[in-house]
Amino acid sequence: MTNHWVDIKNADIILIMGGNAAEAHPCGFKWVTEAKAHNKARLIVVDPRFNRSASVADFYAPIRTGTDILFLGGVINYLIANDKIHHDYVRNYTDMSFIVRSDFTFEAGLYSGYNPDKRNYDQSTWDYERGEDGYVKTDPTLQDPRCVYQLMKQHYSRYTPEMVERVCGTPRDKFLKVCEMLASTATAGRAATIMYALGWTQHSVGSQMIRTGAMVQLLLGNIGISGGGMNALRGHSNIQGLTDLGLMSNLLPGYLTLPVESEQDFEQYIGKRALKPLRPNQLSYWQNYRKFHVSLMKAWWGPAATAENNWGFDYLPKLDRLYDMLQVYELMNQGKMNGYIAQGFNPLAAAPNKGKLIQGFSKLKWLVIMDPLVTETSEFWRNFGDHNDVDPSKIQTEVFRLPTTCFAEENGALVNSGRWLQWHWKGAEPPGEAKSDIEIMSLLFTRLRRMYQQEGGKYPDPIVNLAWPYADPESPTAEELAKEYTGKAVTDLADPKDPSRILRRAGDQLASFAELRDDGSTSSGCWIFAGAWGPEGNLMARRDNSDPTGIGQTLNWAWAWPANRRVLYNRASCDPSGKPFNPRRNLVSWNGKAWVGADVPDFKLDENPAGGMGPFIMNPEGVARFFSRNGLAEGPFPEHYEPFENPLGYNPLHPQAKGVTSNPAARVFKDDLAAMGTVDKFPYVATTYRLTEHFHYWTKHCHINAVLQPEQFVEIGEAMAKELGIANGTRVKVSSNRGHITAVALVTKRIRPMQVEGKPVHHVGIPIHWGFVGLAKPGYLANTLTPFVGDGNSQTPEFKSFLVKVERA
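Since the model is a prediction, treat every value here as computed from it, not as a measurement.

1. Section: the pattern of salt bridges
One side chain can pair with another of opposite charge once the charged atoms of both are near each other.
Right, so step 1: Enumeration over the complete set of coordinates arrives at 34 salt bridges.
Right, so step 2: Of the charged contacts, one joins Arg64 and Glu642 as a salt bridge, the two residues approaching to 2.9 Å between their closest N and O atoms. Within this pair, whereas Arg64 is found in the loop between strand 3 (59-61) and helix 4 (68-81), its partner Glu642 is found in the loop between strand 25 (595-597) and strand 26 (667-668), the two being separated by 578 residues in sequence. In terms of burial, Arg64 and Glu642 fall into one category: buried.
Right, so step 3: The residue Arg629 makes a salt bridge to Asp127 at a minimum N-O spacing of 2.9 Å. Remark: Asp127 occurs in the loop between strand 7 (120-121) and helix 6 (148-156) and Arg629 occurs in the loop between strand 25 and strand 26; sequence separation between them is 502 residues. Each of the two residues, Arg629 as well as Asp127, counts as buried.
Right, so step 4: A cluster of three or more residues bridged by salt bridges with shared partners is formed by Glu23, Arg52 and Glu693.

Below, the structure is given as structure tokens:
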């Protein structure tokens, strides 16, 4: 979230698209109802189903799953063509005036630099023109045909209301109504927020869907303001914490990145990431990358991280490829992986193509499950129902179950959607021999280290030198770890403004990431969390919900990263002189000497607006990007590509072009690409989703949840049911090119056929919660049906759009 849950109450228009907040985030949805009740906000829902959010919306528009970029691109076209944009915001705070390189092109669905053999791009042409001074060239009049404004206007001119109706299945009048409602916020004093969830992320173009929504918000001036923003609704709190702490294979904590194989030189590694400003007087805060990185290495290796080994950079693995979730299971299937640890993760249910996963697990030597409960993954060797995926007698994989505690049985911090680190306290003792994840991992590490110390190894240094400064090495406390990741002084720190004054003594907690140094004198396990446990103690544990602002800025409730800032980019809530666009919902403002207000300014406190520094301080441009230079895998402007399994077989925007029906830069392996289902065999479009009564794959172990939603079902529309002769309550078989499930048919008015390219398209809704363990009636894993393909940037699987056949069981 750029904003936070409470701030949603300040919106005038709320768009829920790619999510179903009323059902999947019912507590957070409270703030939508607050906006409607007290702010007369209007709620728009765009979704393939008339879901629970739509049932309380002011306006609902249907859409074919997987076509959100076309819909949102149509909104962009509408806003530009009808001059419904926030001109002051766009001219001053975005790259609209920047000139793009002359060798950048877009033809037949592909951007310049595409390599069809590798299915990726050389992005060197995706950049701005530079002057002799090294700064980007601009045209403030926006007339240059190579400026971002003109290129973007041309790009989305194809995304007409008629094209939206043809491809998305959204009636033209409904689409235009959505455009009009959003456009009403293209003015100071009104705000729109966009709320999305896995309905956007779980596509082969998911990252670009989110980016298109952000572009709409930038045109409207809705980023950085109260009641605005792009707000990702996390399925549970620590999904946010997972990405913050770098648990993706190519990340380090704080959104730093691991070096790749070609980056053996430390200075080149830093230089590539510590970007210099592209315009005069811009902050480009990533210039501090070295401070963040060195402080992280000191947290990990302590005294062993020295200038001689590049502060521990030499210890880091250099990636020869991306070891994402899809790659790991591909390697398992190839027999190239010996063992796997599934920690708090049930991949047999949560990763795509259950059949491929079972084959991969069956080739391992060992599989370790760390979980409070039995999972389908720990029981992968079992057959269920009419599925005979495995022969247990031929599986040599040894499965170890290590029972862990759950969150209620331990202290620690959870990070919610709004980036709030909220400390929680143990409510109960764990049962039996269950141990915390911290203790289990510590026991494993200390034993591995002992083996390396006694027996040596090819390169033991990174393991034997790892800092482990805990009172009990085999059971560190959550408090010790929290102090470590938020940061401390390693040596006495002198005040940079007054070297005679000691700012922090060695061992003191740091107040913010601004105190981090690149000389080994500070440590921080996650720079964006720096200050959460500061000199004043554990700020994550604060519970003061007073709100003197009246707009939900409870700055003394817990702690938000970064720097306790609640609304990111909040400098953009003011005009260039520092005057708030909306004084009624004032976040920050310039008082003539400093930035003050209801939030922690996302800006240098003493930076005079007359200097012209842009509000998007992490970018070297100082402004937000419509043109994503050297950014996302598919191109600088989001483009519509069909899901890999789609009901058309071609891309309506490029019907004659080859290789652009689906995302040409998606994460997919050759065999899986060849195994996609086609509409002639699988005529219906399926999508997956969650229910209020269940929490992912866990609550089927709880009796009350199993009573509320006892049995697996699929939703089909009345028209489709009539065609197939299926009555409500009938058991049906739903098949894809990867397998089948059987479930009860819920025949409903909530899903209706759409006219797409002149023919009807039917959707099938598949809740994800059932499996073959737990107290609920055993059911089939929904990912039995889903294709093994992922987003080109996040590698998130395409669970939200694939082809199936439906028949009586």
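2. With respect to a nonpolar patch on the surface
Right, so step 1: On the surface, Ile341, Trp366, Phe400, Met441, Leu444, Leu448 and Met451 cluster together into a nonpolar patch covering about 590 Å² of accessible area.
Right, so step 2: Of the residues forming the nonpolar patch, the biggest block, 4 residues, is contributed by helix 17 (residues 437-455).
Right, so step 3: For Leu448, the position within the fold is in helix 17.

3. Concerning empty space enclosed by the protein
Right, so step 1: With the rule as written, the count across this model stands at 2 cavities of 30 Å³ or more.
Right, so step 2: When its volume is computed, the largest cavity comes out at roughly 150 Å³.
Right, so step 3: Lining the largest cavity are 19 residues, with Gly189, Ile225, Ser573, Phe581 and Asn582 sitting closest to its centre.
Right, so step 4: Taken together, the residues of the lining of the largest cavity sort by class into 7 nonpolar, 10 polar and 2 charged.
Right, so step 5: Taken as a whole, the second largest cavity spans an internal volume of roughly 70 Å³.
Right, so step 6: Looking at the lining of the second largest cavity residue by residue, the classes come out as 6 nonpolar, 3 polar and 3 charged.

4. Re unusual backbone geometry
Right, so step 1: Residue Pro562 is reached from Trp561 by a cis peptide bond, and omega for that bond is -5 degrees.
Right, so step 2: You will see that His696, though not glycine, has its phi angle at about 50 degrees, which is positive.
Right, so step 3: With respect to the secondary-structure elements, His696 resides in the loop between strand 27 (684-689) and helix 21 (703-708).
Right, so step 4: Residue classification places His696 among the buried positions, given a relative accessible area of 13%.

5. Notes on the UniProt feature "domain: Molybdopterin dinucleotide-binding" (unreviewed entry) in the protein chain
Right, so step 1: The positions UniProt marks with the feature "domain: Molybdopterin dinucleotide-binding" (unreviewed entry) are residues 685-802.
Right, so step 2: From the first C-alpha to the last, residues 685-802 spans 6 Å; its make-up is 11% helix and 34% strand.

6. Overview of the UniProt feature "domain: Molybdopterin oxidoreductase" (unreviewed entry) in the protein chain
Right, so step 1: The UniProt record marks residues 2-378 with the feature "domain: Molybdopterin oxidoreductase" (unreviewed entry), using the residue numbering of this structure.
Right, so step 2: Its end C-alpha atoms 37 Å apart, residues 2-378 is made of 36% helix and 12% strand.

Cut-offs used in this document
- Residues numbered from 1 in each chain as written.
- Predicted model: local features only at pLDDT ≥ 70, side-chain atom pairs only at ≥ 80, totals over all residues.
- Heavy atoms only, no water.
- Salt bridge = Lys/Arg side-chain N within 4 Å of Asp/Glu carboxyl O.
- Helix = DSSP H or I, 4+ residues; strand = E, 2+ residues; numbered from the N terminus.
- Buried < 20%, exposed > 50% of the residue type's maximum accessible area, 1.4 Å probe, protein only.
- Patch = residues over 30% accessible without salt bridge, like charges linked within 9 Å, V, L, I, M, F, W, Y side chains within 5 Å.
- Areas by Shrake-Rupley, 256 points an atom, 1.4 Å probe, with all protein chains shown as cover.
- 1 Å grid on protein atoms, 1.4 Å probe; cavity = no way out; pocket = protein on both sides within 12 Å on 5 of 7 lines; lining within 4 Å.
- Points joined across faces, edges and corners; volume = space filled by probe spheres on them.
- Nonpolar A, V, L, I, M, F, W, Y, C, P; charged D, E, K, R; others polar.
- UniProt positions renumbered as here; feature names shortened; annotations may be inferred.

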